Amino acid sequence: MEAAALLAKDTTLPRTRFRLAGSGTLGPELAARAAELGIADRIELVGRIEPSAMPEFLAGLDIYVMPSRSESLGVGALEAAAAGLPVVATRVGGIPEAVADGETGLLVPSEDAPALASALGQLAQDKDLRVRLGEAGRRRVAAEFDWQTTLTRFEAVAQRVGERR
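Residues numbered from 1 in each chain as written. Predicted model: local features only at pLDDT ≥ 70, side-chain atom pairs only at ≥ 80, totals over all residues. Heavy atoms only, no water.

A. The sheet that holds strand 5 (residues 105–108), seen in detail. In space, the three strands of this open sheet follow the order 3-4-5, with parallel pairing throughout. One side of each edge strand has no neighbouring strand; the edge strands of this open sheet are strand 3 (64–66) and strand 5. For this sheet, the mean inter-axis angle between neighbouring strands, taken without regard to orientation, is 10°. Inspection of the sheet shows strand 4 (residues 87–90) paired to strand 5 by four bridges, in the parallel sense. (Pairing = 2+ DSSP bridges. Helix = DSSP H or I, 4+ residues; strand = E, 2+ residues; numbered from the N terminus. Axes fitted to C-alpha atoms, helices over the stretch in contact; angles between N-to-C directions.)

Following this line, the structure appears as structure tokens:
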């Protein structure tokens, strides 16, 4: 929310809007925080997205943002990259495995609203960069994260672990 508020204050940027997806108990808190920051008109809390509706949801975005405090692999970032979206995410857990900084998206420190706003502002102003990162992400997911490649890598790890025992 703080990064969104910073972007809203930047008059050099196009008017930005945010769609927050996910379920949980924080909905009312998020809505209250958006109102407190004066950006309630720019924030849409869409709730849980059914897996079958995810492609349509992603198609309606220009940038996918994943400001996690902790994360295993970052499957959401991979799904967004597969959809051709540039990803802005925090450098936590396995996210750097999913997002190649400067190649398929931009990584920022966790809980650093100014850094997040800066990365988003950079992409908001540069359509060519958004397209380049999005296309690179799609290619990378297809080459490195398809089911067959993932299965082959998993089997290799399982075999090495078995050999050590």
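B. Molecular detail of the environment of Ile39. Mapped onto the elements, Ile39 comes out in the loop between helix 2 (27–36) and strand 2 (43–47). Distance from Ile39 to Ala8, taken between C-alpha atoms, is 7.3 Å for residues 31 residues apart in sequence. With sequence-adjacent residues up to four places away left out, Ile39 is seen in contact with Met1, Ala4, Ala5, Ala8 and Ala34. (Contact = heavy atoms within 4.5 Å.)

C. Geometry of the layout of surface pockets. Within this model, the second largest pocket holds a volume of roughly 330 Å³. Elements that contribute at least two residues to the lining of the second largest pocket include exactly helix 4 (75–82), helix 7 (127–144) and helix 8 (147–164). It is helix 8 that contributes the most residues to the lining of the second largest pocket, five residues altogether. (1 Å grid on protein atoms, 1.4 Å probe; cavity = no way out; pocket = protein on both sides within 12 Å on 5 of 7 lines; lining within 4 Å. Points joined across faces, edges and corners; volume = space filled by probe spheres on them.)

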